[in-house]
Amino acid sequence: MRAIRRFTVRTLLPAELRDLDELAHNLRWSWHAPTRDLFAGIDPEAWASTHGDPVALLGALGPERLAELAADGAFVERVRAAAADLRHYLDDALWYQQRAASDEGSDSLPAAIAYFSPEFGITSVLPQYSGGLGILAGDHLKSASDLGVPIVGVGLLYGAGYFKQSLTRDGWQVETYPLLDPDGLPLTLLRDDDGTPARVSLALPGGRTLHAHVWVAAVGRVPLLLLDSNVPGNDEAARKVTDRLYGGGGEHRLQQELLLGVGGVRALRLWSRLTGAPEPEVYHTNEGHAGFLGVERIRELVEQGLTFDEALEAVRAATVFTTHTPVPAGIDRFGRDLVTQYFGGDMAVDGLPVERVLALGAEDYDGGDPTVFNMAVMGLRLGGRANGVSLLHGEVSRGMFEGLWPGFDAREVPITSVTNGVHSPTWVDPAFAALEADRLGLDELTADAASSGWLRGAGDGGVSDGELWAIRREMRGRLVDEARRRVRKSWRERGATPAELGWVDDVLSPDVLTIGFARRVPTYKRLTLMLRDPERLKALLLHPERPVQLVVAGKSHPADDQGKRLIQQLVRFTDDPEVRHRIVFLPNYDIAMAQSLYPGCDVWLNNPLRPLEASGTSGMKSALNGGLNLSILDGWWDEWFDGENGWAIPTADGVEDADRRDDLEAAALYDLVEQQVAPRFYDRDTDGVPGRWLEMVRHTLATLGPKVQATRMVGEYVTRLYAPAAAAGRTLAADGLAPARELAHWKESVRSGWSRVRVDHVDSSGIGEVPQVGDRLTVRAYVSLGDLRPEDVQVQVVHGRVSEADVIEEFTAEPLALAETYEAGRHAFAGDVVLDASGPFGYTVRVVPTHTGLPSVAELGLVANA
Ligand SMILES: *Cc1c(COP(=O)(O)O)cnc(C)c1O
């Protein structure tokens, strides 16, 4: 019989054990092994059957067991100590507080930062993520917590989260959506002062209203607010808005994003009102999905009497937008008609004309589609500061969005990059971390201390090759056990009887070179590249002296049949009795699986179509566990591959024919494995230790270890983006927002007067017939500014090395000074350029707008070139 309603009855803990509740509800346990050990020790069996979920574990304990534990003095003492440790973690002055107290940070660091994301991957217990974007958001919050950065996360609570993956007999992906009960999750409902659930509401077309409750997850020090529309007072359709992560398309998706953006800002206001937390000074949107947050903040300011343009300035200054994908399918686009239904007609708000909202997401550039509303484009228009997620992706993004800044070179497009990182306490194998901490003389491994200890020889307290190899084998062995368990479970689900599954005990070996490949399955990640030449792959797997084994996992988007066909193709290959002991596909890739997968693999394989992998992070997690990367030079690997930390698969980037490109890259992959990776792995000394391999492992840990940390990444966001955004936001908000009004009016006057700005004539002098390094070129430019004042513009000499086609390639722009003013808006500007390099040199002159409130010269997309 099916229940019509379900809820979870919470355990009432005896007074002596009350602290367990806080320890279970603060998700720090998900990256703090001692806290997990405390819970696991209560009842190892229940711990395993609840999949390591403290809240579920406490729920599973009967009153007798609880009474027994309450009477166990030693246990009660351990609980107290763990709670005291958690409180220290929550209250200590960390990096951010120390920086705020120093001269550097005292007047610029924001009091709070809001971080919006459609998904958050924190622990498999809270399945609110589908892949890299969500895991990155989770790692961002965890590292912010470790650094003391005052972030508030904002997201949605999906009733079913992302799907669970299983397989049919013939290898087709099946999705199931287990319903989550928020009362049984490590969440707390945000309540009003009178104890009723706090609620945010949004108007919907047709006179309907969408209500949502706000659940709060404690991610260490960081609160994460999750909006849930499955609440009383909503009609049936409104209840379903948060039913699934990336469930429907079109209008359902738009409603989710309105709830996330608009509802998210309202939830932040509630949060501050009810808890006294400071209002965010900076709003960071992780990809475009939450972009309506900017529209809501404009609405708030319009209500206070600002015009749309004035409000836009104030909002932009304090907004950071991170783009995550160069793949068009990864960007949300809605029909303009649909968006009009939500911001036009009866839904329109005074001062917020629907045309202005539509203009924010308009693809009004070459090649754009005039009928769509593009969330990434809106993100860039609302975000005064924007970034991609690796150096290469920054460059690709500047090219991709160049059309929004007409007249500027791609290089000047104001999109910078912050390379992703990963939260090492979450991703480093606990035994590996413990060994490392032990040799460093620490109680726990901190991100700061990452890795230096591994470099020291055995002689001074370091780790010997033998020890390092032994722990790597232990980690590989644990993966082998885990893979056998998962393969058996999967085959049972596919209809096999236990009697048919004897072979599963021989799947994989703890002594064979293990290559991992796990990720979502969009086409560009090329799950099946390894199958390009099945006979060659077989030969590698079955090599008599130097065999290789492959562990593969990944979910396809439920609507992506092509992805499911790739999975099926791979699964069918792994079903072949000839190779099934050397290659496995493990269904249901999630955080829990990932945590055993990365530590157990010797090599982490990634073969995307360059440059479509914006960053990628799984290879970083592998590196932190002593894995070596074998990857196409894309995303983060393009930046940090150094020849010693793994292998680069040569990319056939310029080859147009996709099939041929796959052939070439697959062949290069087989060659590398056969000729370099396997020989080095199996090159052993008399003790069976591969010395050269371990050199690469140590090198990886020592050099990549510190770079791939998410604390490094969050630190960069703070200093390069949040602090400047907070400063800009504060400047514009002073004096009742007078500077925001002034900036809006200034932009308006510059825009309307720009058509009359031009460079009339340029003179130069000072160099002889044979210019030499060190010579001074004097440039004098005559410009017309129409109604604009000389201080509204900067006249720049742009100079540098030129190509044969007279294109200035690497250029520097230097301002010229006002030299003379004539009548009718004409002026002369002059200055010197020192020739500081030999070779072909060229220069030109341009006029750009200038104002202290502009984060970049390209901000207005206005330029007058000579
Ligand atoms: C790290 C991780 C990802 C993202 O990996 P990419 O390398 O960015 O594809 C996806 N899913 C899980 C479960 C992860 O842990």
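Just so we're clear, the structure is a prediction, and the values are computed from it rather than from any experiment.

A short note on the UniProt feature "modified residue: N6-(pyridoxal phosphate)lysine" (unreviewed entry) in the protein chain
Now for step 1: The UniProt record annotates "modified residue: N6-(pyridoxal phosphate)lysine" (unreviewed entry) at Lys621.
Now for step 2: Its location among the elements puts Lys621 in helix 23 (residues 618–624).
Now for step 3: By relative accessible area, which is 4% here, Lys621 ends up buried.
Now for step 4: Discounting residues that sit within four places of it in the chain, Lys621 has contacts with Ile135, Val422, Trp427 and Tyr598.

Focus: the domain arrangement of the protein chain
Now for step 1: We note that the domain assignment places domain 1 (15–91), domain 2 (111–417), domain 3 (465–705) and domain 4 (757–865) within the protein chain.
Now for step 2: Once you take the C-alpha centre of each, domain 1 and domain 4 turn out to be 67 Å apart.

Structural notes on the packing of aromatic side chains
Now for step 1: For the structure on display, the rule yields 20 aromatic pairs.
Now for step 2: Members of the aromatic cluster, joined through ring pairs, are Trp469, Trp647, Phe681, Tyr682 and Trp693.
Now for step 3: Over the aromatic face of Tyr177 sits the side chain of Arg244, whose NZ or CZ is 3.5 Å from the ring centroid.
Now for step 4: Seen from the ring of Tyr283, Arg297 lies directly overhead, with NZ or CZ sitting 3.7 Å from the centre.

Examining helix 12 (residues 308–317)
Now for step 1: Counting buried positions along helix 12 gives nine out of 10 residues, so the element sits mostly inside the fold.
Now for step 2: For helix 12, the complete set of buried residues consists of Phe308, Glu310, Ala311, Leu312, Glu313, Ala314, Val315, Arg316 and Ala317.
Now for step 3: As for helix 12, its buried residues are in contact with helix 11 (292–303), strand 12 (319–322), helix 14 (354–360), helix 15 (375–382), strand 15 (385–388) and helix 27 (710–753).

A few points about the pairing of strand 21 (residues 628–632)
Remark: a regular strand shows side chains that alternate across the two faces of the sheet.
Now for step 1: Buried residues dominate strand 21, accounting for five of its five residues.
Now for step 2: Relative to strand 21, strand 20 (residues 603–606) runs parallel, the two sharing four bridges. By the bridge assignment for strand 21, Val603 is matched with Leu628.
Now for step 3: Between the parallel pair strand 20 and strand 21, the chain is carried across by helix 23, and the sense of this crossover is right-handed.
Now for step 4: Where strand 21 and strand 22 (residues 646–649) come together, four bridges link them in parallel fashion. Considered in strand 22, the bridge of Ile632 is made with Ile649.
Now for step 5: Handedness of the crossover joining strand 21 and strand 22 through helix 24 (residues 635–640) is recorded here as right-handed.

A few points about the nonpolar core
Now for step 1: Ranked by internal contacts, the top residues of the largest apolar core, which has 93 residues, are Leu513, Met530, Leu597, Leu630, Trp647 and Trp693.
Now for step 2: Setting aside its immediate chain neighbours within four residues, Trp647 contacts Val603, Leu628, Asn629, Leu630, Ser631, Trp637, Phe641, Leu672, Gln676, Val677, Trp693 and Met696.
Now for step 3: Counting 91 residues, the second-largest nonpolar core is a separate cluster that includes Leu156, Val200, Val265 and Ala317.

Quick notes on the environment of Gly263
Now for step 1: Its location among the elements puts Gly263 in helix 10 (residues 250–275).
Now for step 2: For Gly263, a relative accessible area of 0% puts it in the buried group.
Now for step 3: Setting aside residues up to four positions removed in sequence, Gly263 forms contacts with Val200, Leu202, Leu227 and Leu258.

Points about the sheet that holds strand 28 (residues 826–834)
Now for step 1: With respect to topology, four strands assemble into an open sheet ordered 23-24-28-27, the strand pairing being antiparallel. On the outer flanks of this sheet lie strand 23 (758–765) and strand 27 (817–821), each paired with one strand and no other. Taking each pair of neighbouring strands and ignoring which way they run, the sheet shows an average axis angle of 25°.
Now for step 2: Here strand 23 pairs with strand 24 (residues 776–784) via seven bridges, running antiparallel. For Ser764, the partnering residue across the bridge sits in strand 24 and is Val779.

A closer look at the side chain of Asn286
Now for step 1: Here Asn286 lies in strand 11 (residues 282–286).
Now for step 2: A polar side-chain atom of Asn286 sits 3.2 Å from a polar atom in the side chain of Ser117.
Now for step 3: Leaving out residues up to four positions away in the same chain, Asn286 has contacts with Tyr115, Phe116, Ser117, Pro118, Leu133, Leu136, Ala137, Thr322 and His324.

So, the sheet that holds strand 21
Now for step 1: The strand order across the open sheet formed by six strands is 19-18-17-20-21-22, and the pairing between neighbours is parallel. Single-partner strands in this sheet number two, and they are strand 19 (583–585) and strand 22. The mean angle between the axes of side-by-side strands here comes to 15°, regardless of whether they run parallel or antiparallel.

Quick look at the side chain of Ser145
Now for step 1: Tracing the backbone through its elements, the reader meets Ser145 in helix 8 (residues 132–147).
Now for step 2: According to the relative accessible area criterion, Ser145 is buried, its value standing at 0%.
Now for step 3: In this structure the side chain of Ser145 is engaged in a polar contact, spanning 2.6 Å, whose partner is the side chain of Tyr89.
Now for step 4: Discounting residues that sit within four places of it in the chain, Ser145 has contacts with Trp31, Tyr89, Leu94, Val219, Gly220, Arg221 and Val222.

Considering the packing of helix 11 against helix 15
Now for step 1: Interhelical geometry of helix 11 versus helix 15 gives an angle of 45° and a closest axis separation of 9 Å. Between helix 11 and helix 15, the angle is such that the two are oblique. Here Phe292, Gly294, Val295 and Ile298 of helix 11 lie close against helix 15, whose contacting residues are Met375, Met378 and Leu382.

Notes on the site of the ligand
Now for step 1: Around the ligand there are 15 residues in total, and Lys525, Tyr598, Thr617, Ser618 and Lys621 lie nearest to it.
Now for step 2: Between the ligand and Lys525, the relevant distance is 2.9 Å, taken from an oxygen atom to a side-chain nitrogen or oxygen of the residue.
Now for step 3: For the ligand, the protein covers 95% of the area, taking 390 Å² as the surface of the free molecule.
Now for step 4: Counting residues per element, the ones that place at least two in the shell around the ligand are helix 8, helix 22 (591–600) and helix 23.
Now for step 5: Broken down by element, the shell around the ligand gets its largest block of residues, three residues, from helix 22.
Now for step 6: Per-class residue counts for the shell around the ligand are six nonpolar, five polar and four charged.
Now for step 7: Both of domain 2 (111–417) and domain 3 (465–705) provide at least three residues apiece to the shell around the ligand.

Overview of the packing of helix 19 (residues 465–493) against helix 22
Now for step 1: It is at 7 Å that the axes of helix 19 and helix 22 come closest, and there the two elements cross at 140°. In this view, helix 19 runs oblique relative to helix 22, as classed from their interaxial angle. When you trace helix 19 past helix 22, the crossing you get is left-handed. Contact residues: helix 19 offers Arg472, Met475, Arg476, Leu479, Glu482 and Arg486, while helix 22 offers Ala592, Met593, Ser596, Leu597, Pro599 and Gly600.
Now for step 2: Looking at side-chain class alone, the contact of helix 19 with helix 22 contains six nonpolar, two polar and four charged residues.

Rules used in this analysis
- Residues numbered from 1 in each chain as written.
- Predicted model: local features only at pLDDT ≥ 70, side-chain atom pairs only at ≥ 80, totals over all residues.
- Heavy atoms only, no water.
- UniProt positions renumbered as here; feature names shortened; annotations may be inferred.
- Helix = DSSP H or I, 4+ residues; strand = E, 2+ residues; numbered from the N terminus.
- Buried < 20%, exposed > 50% of the residue type's maximum accessible area, 1.4 Å probe, protein only.
- Contact = heavy atoms within 4.5 Å.
- Domains from an automatic or database assignment.
- Phe/Tyr/Trp six-rings, centres within 6.5 Å; stacked < 30°, edge-to-face > 60°.
- Lys NZ or Arg CZ within 6 Å of the ring centre and 35° of its normal.
- Pairing = 2+ DSSP bridges.
- Right-handed = clockwise from strand over helix to strand, strands pointing away.
- Core = buried A, V, L, I, M, F, W, Y, C linked by side-chain atoms within 4.5 Å.
- Axes fitted to C-alpha atoms, helices over the stretch in contact; angles between N-to-C directions.
- Polar contact = N/O pair within 3.5 Å; in protein donor to acceptor, adjacent residues only side chain to side chain.
- Parallel < 35°, antiparallel > 145°, perpendicular 65-115°, else oblique.
- Near = heavy atom within 4 Å.
- Areas by Shrake-Rupley, 256 points an atom, 1.4 Å probe, with all protein chains shown as cover.
- Nonpolar A, V, L, I, M, F, W, Y, C, P; charged D, E, K, R; others polar.
- Left-handed = near helix turned anticlockwise from the far one by under 90°.

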